[in-house]
Amino acid sequence: MFYLVILISAIWYKRNAVYLALFLGILHIFVYYCNVGSISIEPVFRAIMLCIVAFIAGTIVFCMTHFRDELTVQNKELIATKEAFKIANKKLNLLSNITRHDILNHLTSLMGYMDISEDMTDDPAHRELIRKEQQVADAIRRQLEFTRNYQDIGVKEPIWHNLPYLFEMIRKTFFHESIHLSSTMEPVQIFADPLFPLICNNLIDNSVRHGGKLQNIYFSTWISGENLVIVYEDDGCGISDSEKEKIFERGYGKNTGMGLFLSKEILSMTGLTMKETGTFGTGVRFEIFVPPDCFRYENSVEQS
């Protein structure tokens, strides 16, 4: 009974339970002395054990409580830091949007003046110089528009994407009569950054821009071990073996040089990876590997 009282008191009073243990130990020795008329080692040993148990139990409870309090404080700090980051990101995005909008407006005016300058001269050298200026201005415009799409990487929490629904949304906005877009993706959801749809759109845009005389684009899924593999293919010119790794490097490419680099960054937010496994001359094949904890089938979702 004494040990039970000691353990309960340790929960409430932590190390101060030693004082109660000391009192109970002395009381035990006194009662033993009154009953027997002498003091032996047994009651003294029990009294010491009560104090030791009280100290150990109180110390454990103290450490657990201290750890819990520190964890609570850290959680509050993390929440405050997270909110501060959200506010900072919101302000930065707002500043980025305003700056981008102003630059695009000035760039539009600049390109207009270039067109006027081209019409005002018949000198081939001047026309060639103006044409190069227009190319540079157009490249700046594309980069600005590209950053608008990808400025929120990692800012928002990952979400579940329904692949068949995503393909249907892409199909509805795909307007290329000479290219057939198809899918055999399973009814599956993947856990990824909210910007995941931009990866699909970027792959399609690359195929249209650089695929040559392609006629078909395919989306499909299959299981490799425990991973889900999302496959994107086309029947264009493909990518040479020497470029299969370089295309994911920052700045490499014919357009902005950022599309596949940022696509890989978006996927990495939830542990997804991507590589190109196509055959040069027969089309591209991008495989996106989704770990087992980042995909689920529609049937399992409905049952749960």
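Here the structure is a predicted model, which means the values were calculated and not measured.

Participant: I keep staring at the sheet that holds strand β2 (residues 180-184) and nothing clicks. Help me out?
Facilitator: Remark on secondary structure: sheet strands pair via backbone hydrogen bonds, oriented parallel or antiparallel. An order of β2-β4-β5-β7-β6 is seen for the five strands of this open sheet, with the pairing classed as mixed. Every interior strand has two partners, whereas the edge strands, β2 and β6 (273-276), have only one. Across the sheet, the axes of successive neighbouring strands diverge by a mean angle of 15 degrees, strand direction being ignored. Bridge analysis of β2 against strand β4 (residues 216-224) gives five bridges, and the strand direction is parallel. Note on β4: the bridge partner recorded for S182 is Y218. In the packing of helix α5 (residues 163-172) onto the sheet, the strands contacted are β2, β4 and β5 (227-234), and the crossing angle to β2 comes to about 175 degrees. Contacts from helix α6 (residues 196-210) reach β2, β4, β5 and β7 (285-290) within the one sheet, and its direction differs from that of β5 by about 30 degrees.

Participant: Could you clarify how one ought to interpret the pattern of salt bridges in this entry?
Facilitator: Side-chain pairs of opposite charge can arise where the charged atoms are in close proximity. For the coordinates displayed, the defined rule picks out nine salt bridges. With a shortest N-O distance of 3.4 Å, D69 and R68 are connected by a salt bridge. Since its relative accessible area comes to 37%, D69 is described here as partly exposed. Notably, a salt bridge pairs E118 with R127, separated by 3.8 Å at the nearest N-O pair. Classification of E118 as partly exposed rests on a relative accessible area of 23%. Assessed through its relative accessible area of 30%, R127 is described here as partly exposed.

Participant: I would appreciate a short explanation of the packing of aromatic side chains in the present structure.
Facilitator: Centre distance and the angle of the planes are the two values used to describe a pair of aromatic rings. Per the stated rule, a full pass over the model turns up six aromatic pairs. Residues W160 and F191 carry aromatic rings whose centres are separated by 5.2 Å and whose planes lie at 45 degrees to one another, so their mutual orientation is tilted. With W160 in strand β1 (residues 159-162) and F191 in strand β3 (residues 188-192), this pair connects stretches of sequence that are 31 residues apart. Of the residues examined, W160 reaches a relative accessible area of 32% and is grouped as partly exposed. For the ring pair F167 and F219, a centre distance of 5.9 Å and an interplane angle of 65 degrees mean the geometry is edge-to-face. In this pair, F167 is assigned in helix α5 and F219 in strand β4, connecting sequence segments 52 residues apart. Given a relative accessible area of 10%, F167 falls into the buried group. Using a relative accessible area of 4% as the deciding quantity, one classes F219 as buried. The ring of W160 carries the charged tip of R296 above its face, separated from the ring centre by 4.0 Å.

Cut-offs applied
Per chain, residue numbering runs from 1 following the sequence as it is written. The model is predicted, so local features are restricted to residues of pLDDT at least 70 and side-chain atom pairs to those at 80 or more, both for listing and for counting; the totals for chains, interfaces and linings are taken over all residues. With hydrogens and water stripped out, all remaining heavy atoms of the structure feed into the side-chain values. Only when DSSP finds a minimum of two bridges between them are two strands counted as paired. Put simply, DSSP H or I for four residues or longer makes a helix, DSSP E for two residues or longer makes a strand, and each gets a number counted from the N terminus. A fitted line through C-alpha atoms serves as each axis, taken over the contacting stretch for helices, and the angle formed by two N-to-C directions is quoted from 0 to 180°. Contacts are assigned to residue pairs with any non-hydrogen atoms lying within 4.5 Å of each other. When a carboxyl oxygen of Asp or Glu is within 4 Å of a side-chain nitrogen of Lys or Arg, the pair counts as a salt bridge. Partly exposed residues are those whose accessible area sits between 20% and 50% of the maximum for their type, while under 20% is buried and over 50% is exposed, using a 1.4 Å probe and protein chains only. By convention, a stacked pair of Phe, Tyr or Trp rings (six-membered ring in the case of Trp) has centres within 6.5 Å and planes under 30 degrees apart, an edge-to-face pair has planes over 60 apart, and any other such pair is tilted. Only when the NZ atom of a Lys or the CZ atom of an Arg is both within 6 Å of the ring centre and within 35 degrees of the ring normal do we say a charge sits over the ring.

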